[in-house]
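# Topology and contacts: notes
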Amino acid sequence: SAVISQKPSRDICQRGTSLTIQCQVDSQVTMMFWYRQQPGQSLTLIATANQGSEATYESGFVIDKFPISRPNLTFSTLTVSNMSPEDSSIYLCSVLIYEGGTWGYTFGSGTRLTVV
Amino acid sequence: AQTVTQSQPEMSVQEAETVTLSCTYDTSESDYYLFWYKQPPSRQMILVIRQEAYKQQNATENRFSVNFQKAAKSFSLKISDSQLGDAAMYFCASPNNAGNMLTFGGGTRLMVKP
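Residues numbered from 1 in each chain as written. Chains lettered and ligands numbered in written order. Predicted model: local features only at pLDDT ≥ 70, side-chain atom pairs only at ≥ 80, totals over all residues. Heavy atoms only, no water.

## So, the overall build of chain A
The condition that has to hold: Here a strand is any run of E in DSSP of at least two residues, a helix any run of H or I of at least four, and the numbering for each starts at the N terminus. For the radius of gyration, the atoms used are the C-alpha atoms, and the globule rule reads 2.2 Å times the number of residues raised to 0.38. Buried, partly exposed and exposed residues are distinguished by accessible area as a fraction of the type maximum, computed with a 1.4 Å probe on protein chains only: under 20%, between the cut-offs, and over 50%, respectively. Contacts: residue pairs with any heavy atoms within 4.5 Å of one another. A 1.4 Å probe and the Shrake-Rupley method give the accessible areas. Residues count as covered only by the protein chains that appear here.
Helices and strands together make up the secondary structure of chain A, namely zero helices and eleven strands. Mapped in sequence order, the helices and strands of chain A form the string β-β-β-β-β-β-β-β-β-β-β. In terms of overall dimensions, chain A is globule-like: its C-alpha atoms have a radius of gyration of 14 Å, near the 13 Å expected for 116 residues. Considering only C-alpha atoms, chain A reaches an extent of 45 × 25 × 20 Å along its principal axes. Scored against the burial criterion, the 116 residues of chain A give a buried share of 52%. Considering only contacts in chain A between residues 6 or more positions apart, those separated by 24 or more positions represent 52%. Accessible surface computed for chain A: about 5,400 Å², of which carbon and sulfur atoms make up 48%.

Below, the structure is given as structure tokens:
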């Protein structure tokens, strides 16, 4: 199955700064997704990132706060901008992939962000 | 809107025993996939099992099996011969009606007692 390398694995950041998270996939994929997982909570979709078009954001998430790049079919970045302690979460990227005659979703290992 | 509900925030099971985690979902599609993911403290999302809705047979992966009731929109996960390494958060997930993004249930924390 597809392998995703997500960086950084964790970071502690000062409020007001920005952090860019990277996901590199070992195969070409059309659809990539960014999720946020707040402490003790489930995963919530931030946006869908398709190559060659603007990311599609879910309700409650805006491009100015979470700009996303998708320069090619194997790479994407999510930036968390002007951070506040409320942004402390795990951020995960995911891809939709067709393998072995079936569809599935593979996830990166996550980025644990702490804002102080 | 797509919804996935896990009614058990926490479950515990004795090692070597069997436990069932519940999940219900809402969809207007007739053909779709359903997933169970495991998230240990390492936070990696690990696919446990998937079910294709058009298949009548319940999916099985070693000690993990599902009880898929399409009419009732129920998709429970049974873990047999529970092991200490099974302790984790378990999330049920279903793609939205467009078939792309996943919607997750609230999760069930499974504790395994030695």
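The rest of the description comes next.
## Observations concerning the state of the cysteines
Condition: Here, the term disulfide refers to a pair of cysteine sulfur atoms separated by no more than 2.5 Å.
The final tally for this structure, using the stated rule, is two disulfides over all chains. Covalent S-S linkage joins Cys23(A) and Cys93(A), the inter-sulfur distance amounting to 1.8 Å. Between Cys23(A) and Cys93(A), the S-S torsion sits near -90°, and that sign places the bridge as left-handed. In this pair, Cys23(A) sits in strand 3 (residues 19–25) while Cys93(A) sits in strand 9 (residues 89–99), placing the two residues 70 residues apart along the sequence. Judged on exposure class, the residue Cys23(A) and its partner Cys93(A) are both buried. Sulfur-sulfur distance for the disulfide between Cys23(B) and Cys92(B) comes to 2.0 Å. Between Cys23(B) and Cys92(B), the S-S torsion sits near -65°, and that sign places the bridge as left-handed.

## Here's the deal with the pattern of salt bridges
All names here are of chain A. Going by this rule: Only one rule defines a salt bridge in this text: a Lys or Arg side-chain nitrogen within 4 Å of an Asp or Glu carboxyl oxygen.
Counted according to the given criterion, the structure contains four salt bridges over all chains. Linking Lys65 and Asp87 is a salt bridge whose minimum nitrogen-to-oxygen distance equals 2.6 Å. A residue pair is termed long-range when its members are at least 10 positions apart, and Lys65 in the loop between strand 6 (56–57) and strand 7 (68–72) and Asp87 in the loop between strand 8 (75–80) and strand 9 qualify at 22 residues. Summarising the burial analysis for this pair, Lys65 and Asp87 share the class buried.

## So, the sheet that holds strand 8 of chain A
Residues and elements named next belong to chain A. Counted only if it meets this: One requirement defines pairing of two strands: DSSP has to find at least two bridges between them. Helix axes are fitted only over the stretch in contact, all axes being lines through C-alpha atoms; the angle between N-to-C directions runs from 0 to 180 degrees.
Taken together, four strands build an open sheet; the order of strands is 1-3-8-7 and the sheet is antiparallel. At either margin of the open sheet sits one strand with a lone partner, and together these are strand 1 (4–7) and strand 7. If you compare each strand with its neighbour and ignore which way they point, the axes differ by 15° on average. Sheet analysis places strand 3 next to strand 8, joined by six bridges and oriented antiparallel. Bridging across to strand 8, Cys23 finds its partner in Ser76.

## Some words on unusual backbone geometry
Glycine aside, a negative phi is what most residues show, and trans is what most peptide bonds show. Geometrically, the link from Lys7(A) to Pro8(A) is a cis peptide bond, its omega value of -10° lying close to zero. Tracing the backbone through its elements, the reader meets Pro8(A) in the loop between strand 1 and strand 2 (10–13). Residues other than glycine seldom take positive phi values, yet Asn82(A) does so here, at roughly 45°. In this structure, Asn82(A) sits in the loop between strand 8 and strand 9. A relative accessible area of 54% places Asn82(A) in the exposed class. A positive phi angle is found at Ala16(B), which is not glycine, with a value near 80°. Here Ala16(B) falls in the partly exposed class, since its relative accessible area comes to 46%.

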